[in-house]
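# Summary of structural features
Here are the chains, one letter per residue:
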Amino acid sequence: MTEVPASGVNPFDRLAELGLTLPDVVPPVAAYVPAVQSGNQVYVSGQLPMADGKLLATGKVGADVSPEEAKELAARCALNALAAIDALVGLEKLVKIVKVGGFVASAEGFTGQPGVINGASELFGAVFGEAGRHARSAVGVAELPLGAPVEVDVVAEVSE
């Protein structure tokens, strides 16, 4: 008999049901680590929408990148955050997604940041159910690293 994951949901089964696989951890682009644990909290560094070592899009949301595309990119950021948690402690130890910080490189006048970051929030909900519900901020910014349109960081609670 396999141990029940801390969240009560098998995240790997849910990812498979959603047609997703956990990617490799995105290597840092500067002087930091992808995630650190302090007590029962894991703090995930800001994740960009990277796949196979490449940024999936660049530009400002509301000009170069559509809000719909940006929402998909935010989901990719969330998937990359899950990979960082898995590499550090094992995704099966995740108890709850506590806080999501979302940053959207926004064209002048673009105010749809919450809808964009819903891409990350909805992915966490789809994978973890109630344990994926979290506090959140969605902030418009002038620029993001590498010209990324979106960045997501995460605080998660894990079991001992």
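In case you missed it, the structure is sitting above this.
A brief look at the structure comes next. Just so we're clear, the structure is a prediction, and the values are computed from it rather than from any experiment.

## What about helix α3 (residues 113-128)?
Its 16 residues place the ends of α3 23 Å apart at the C-alpha level, agreeing with the 22 Å of an ideal helix rising 1.5 Å per residue. In the structure, α3 departs most strongly from a straight axis at glycine 119, where the bend amounts to approximately 35 degrees. Every buried residue of α3 is listed here: Gln113, Val116, Ile117, Gly119, Ala120, Ser121, Leu123, Phe124, Val127 and Phe128. Once α3 ends, the next one or two residues include glycine 129, with phi positive near 60 degrees.

## Describing a nonpolar patch on the surface
A cluster of nonpolar side chains, namely Val29, Tyr32 and Leu146, defines an oily patch on the protein surface of about 270 Å² accessible area. When you line up the elements, leucine 146 lands in the loop between β6 (135-141) and β7 (150-158).

## Quick notes on the pairing of strand β2 (residues 41-47)
With five of its seven residues buried, β2 lies for the most part within the structure. Counted between consecutive antiparallel strands, the loop separating strand β1 (residues 35-38) from β2 contains two residues, among which glycine 39 sits at a positive phi close to 65 degrees. Note: β2 against β7, five bridges, orientation antiparallel. Paired with valine 44 across the bridge in β7 is valine 154.

Basis of the calculations
Residues numbered from 1 in each chain as written. Predicted model: local features only at pLDDT ≥ 70, side-chain atom pairs only at ≥ 80, totals over all residues. Heavy atoms only, no water. Helix = DSSP H or I, 4+ residues; strand = E, 2+ residues; numbered from the N terminus. Expected span 1.5 Å × (residues − 1). Bend = angle between axes of the 7 residues up to and from the residue. Buried < 20%, exposed > 50% of the residue type's maximum accessible area, 1.4 Å probe, protein only. Patch = residues over 30% accessible without salt bridge, like charges linked within 9 Å, V, L, I, M, F, W, Y side chains within 5 Å. Areas by Shrake-Rupley, 256 points an atom, 1.4 Å probe, with all protein chains shown as cover. Salt bridge = Lys/Arg side-chain N within 4 Å of Asp/Glu carboxyl O. Pairing = 2+ DSSP bridges.

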